[in-house]
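Coordinate analysis (summary)
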Amino acid sequence: MILSVSIILLSGLLLGSLFSKLKLPKLLGMIIAGMVIGPYCMNLLDNSILSISAQIRQIALIIILTRAGLSLNIDDLKKVGRPALLMCFVPAIFEMCATVFLAPKLFNISTIDACILASVIAAVSPAVVVPKMIELMDNKLGTDKGIPQMILAGASVDDVFVIVMFSCFTSLATGSSFDFMQLVQVPLSIIDGIVIGFMTGFVLSKVFKKIKGDSNFYFIVSLSFSFILMELESILKIPFSGYISIMAMGLAINQKSEKECVQLNHIYSQIWNIAQIFLFVLVGASVNLTVALNAGINSVVLILFILVIRMIGVLCCLIKTNLNKKERIYTAISYMPKATVQAAMGGVPLALGFACGDLILAISVISILISAPIGAILMDKLDEKCLSSQ
C-alpha cells in the first residue's frame, strides 16, 4: 500500500502540474493519472488501497466541504435565497425527465430502467464544483451577487435529492411500491443537517474561544467532528445529510469565531493540496475505459443532450434574478460536472443484479469523461470573463 500511495501522489502531482502549465484544470490531469495507473490500464495500485478507495475519496470530500462551510457567510446566503433553493432540485428534475424521455429510445430499455439510469447520472459533482467555488470566493469573483455561494448551496443539496430518487426507483425495480414518504426525506435531511451541523459549529466556536489552542488544535477538532457528522448519516434513524451538516458546522464557526475561522481556512487549504490528489486520482482509477468504449455513440448523444437540458433547468432557476447574461451562462456551466456520485453509484445497479446494470455503469463512465473535463475547463477559462470582481 505504501508504494501505491507514493505512486498516487507523484503521478497526480506530475500530471496536475503539467496540465496547470498548459492552462488546463489540474484536476483533469489528476483524473487522467488515475486512469493510467489504475486497474483498467497499467494496474500499478495495490488492491488494499483500491478496496478503501471510496473511503479515501469521502475523507477528501469532507475536507473540502468543511472548508466550503468555513468560507460561507450567512449574509451572503441571504442574497441568493430563492434561486439557491430552486437549484437544489430543478436542474436535476429537468435532467432526469430528459433521460427518461430519451434513454428508452436510444437503448431499448424500460421506463423504470431509464429512471434508475437518470438517478445515477443526474447528480452534480461536489468534488469538482466546490473547490472551484471556493477559489472564486477567495478571488472575490461573482461574490457581490452571491454566485459561488449560490452554486455551493445548491450543489450540496442536489446530491441528496438525486440519491433519494435513486433509492425510490431501485425500490420500484425490485418489486416494492413507490414510497412517497421517501421524498419527504429530502427537506427533512436538509433541515436536520443544517440544525445539527450549526449547533455543532456553535459549540465548537465556544470551545475554541475558551481553550485558546493553536491552529493545529482547531483543525484536528473540527475535522474530527466533520467525520462524526458524516458518520451520523448512517447511525441516526432520522433523515439527515452529512454533507450539509458539515457545511453548516463550518458556517457556524465562521459566524461565531472569525479569528479561529481564518486560521482554520489556512490550514484546510494546505491539507486540500494533498487531499485533492487522492480524490481525483482515485476517481480516475475507478473509470473503466473498456466499459466506456463499449457504451457506443448513443451514450455520448444522451450525455450531451441531458447536459443541455440541465443547463436550461439552471437558467429557469435564475429567472427574475439580477444576474446578467454572462453570469447566468457561467452558473449553468458550473452545474455540468459529474464525477463523485457517478463513480460511487455507477456500479450499484449491476451489483444489485439489474439487467440494465452494465449499461448504467457504462453511461456513468461516459458522463464522467465528458462532463468533468468540459465543465472544469469552461469554469477555469470563463470565470474572469463572465464574473465581476468585488
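Look up a bit, the structure's there.
Here's what I pulled together on the structure shown here. Quantities reported herein were computed from a predicted structural model and do not represent experimental measurements. (Residues numbered from 1 in each chain as written. Predicted model: local features only at pLDDT ≥ 70, side-chain atom pairs only at ≥ 80, totals over all residues. Heavy atoms only, no water.)

Brief notes about a nonpolar patch on the surface
Together, I32, V36, M42 and L44 line one region of the surface with nonpolar side chains, adding up to about 300 Å² of accessible area. Given a relative accessible area of 30%, I32 falls into the partly exposed group. (Patch = residues over 30% accessible without salt bridge, like charges linked within 9 Å, V, L, I, M, F, W, Y side chains within 5 Å. Areas by Shrake-Rupley, 256 points an atom, 1.4 Å probe, with all protein chains shown as cover. Salt bridge = Lys/Arg side-chain N within 4 Å of Asp/Glu carboxyl O. Buried < 20%, exposed > 50% of the residue type's maximum accessible area, 1.4 Å probe, protein only.)

Notes on the side chain of S71
Inspection of the secondary structure puts S71 in helix α4 (residues 53-71). A relative accessible area of 19% places S71 in the buried class. Separated by 2.9 Å, the side chain of S71 and the backbone oxygen of R67 make a polar contact. (Helix = DSSP H or I, 4+ residues; strand = E, 2+ residues; numbered from the N terminus. Polar contact = N/O pair within 3.5 Å; in protein donor to acceptor, adjacent residues only side chain to side chain.)

Overview of the environment of L65
Structurally, the position occupied by L65 is in helix α4. Classification of L65 as buried rests on a relative accessible area of 1%. A sequence separation of 208 residues divides L65 from N273, and the C-alpha atoms of the two residues are 14 Å apart. Filtering out sequence-adjacent residues up to four positions away, L65 remains in contact with V130, Y243, I246 and M247. (Contact = heavy atoms within 4.5 Å.)

Focus: the nonpolar core
In this structure, I8 and F280 are the most contacted members of the largest nonpolar core, which totals 131 residues. Excluding residues within four positions of it along the chain, I8 makes contact with I37, L45, I49, I277, F278, V281 and L282. (Core = buried A, V, L, I, M, F, W, Y, C linked by side-chain atoms within 4.5 Å.)

Observations regarding the packing of helix α9 (residues 126-138) against helix α10 (residues 147-173)
α10 packs onto α9 with a crossing angle of 165 degrees between their chain directions and a minimal axis gap of 9 Å. With respect to their mutual orientation, α9 and α10 come out roughly antiparallel. In this structure, the crossing between α9 and α10 has a hand that is left-handed. Contacts between α9 and α10 involve P126, V129, V130, M133, L136 and M137 from the former and P148, Q149, I151, L152, A155 and D159 from the latter. A per-class count over the contact of α9 with α10 returns 10 nonpolar, one polar and one charged. (Axes fitted to C-alpha atoms, helices over the stretch in contact; angles between N-to-C directions. Parallel < 35°, antiparallel > 145°, perpendicular 65-115°, else oblique. Left-handed = near helix turned anticlockwise from the far one by under 90°. Nonpolar A, V, L, I, M, F, W, Y, C, P; charged D, E, K, R; others polar.)

Some remarks on the packing of aromatic side chains
For any pair of aromatic rings, geometry is given as the distance between the ring centres together with the angle between the planes. Counted by the stated rule, this structure contains six aromatic pairs. Seen in terms of ring centroids, F89 and F161 are 6.4 Å apart; in terms of plane orientation they differ by 55 degrees. Their pairing is tilted. Of the two residues, F89 is situated in the loop between α6 (81-86) and α7 (90-107) and F161 in helix α10; the sequence distance between them amounts to 72 residues. Its relative accessible area of 31% is what places F89 among the partly exposed residues. Of the residues examined, F161 reaches a relative accessible area of 11% and is grouped as buried. Put simply, the rings of F208, F217 and Y218 pair up and form one aromatic cluster. K105 extends its terminal NZ or CZ atom over the ring of F101, reaching a point 4.2 Å from the ring centre. (Phe/Tyr/Trp six-rings, centres within 6.5 Å; stacked < 30°, edge-to-face > 60°. Lys NZ or Arg CZ within 6 Å of the ring centre and 35° of its normal.)

What about the packing of helix α12 (residues 215-235) against helix α14 (residues 258-285)?
Where α12 meets α14, the axes come as close as 9 Å, and the angle between the chain directions of the two elements is 75 degrees. When the axis of α12 is compared with that of α14, the two are roughly perpendicular. Taking contact as the criterion, the partners of S215, N216, Y218, F219, S222 and L223 in α12 are, on α14, E260, Q263, L264, I267, Y268 and I271. For the contact of α12 with α14, a count of residues per class yields seven nonpolar, four polar and one charged.

What to know about unusual backbone geometry
You will see that N108, though not glycine, has its phi angle at about 55 degrees, which is positive. With respect to the element layout, N108 can be found in the loop between α7 and α8 (111-121). For N108, a relative accessible area of 71% gives the class exposed. Even without being glycine, K140 reaches a positive phi, approximately 60 degrees.

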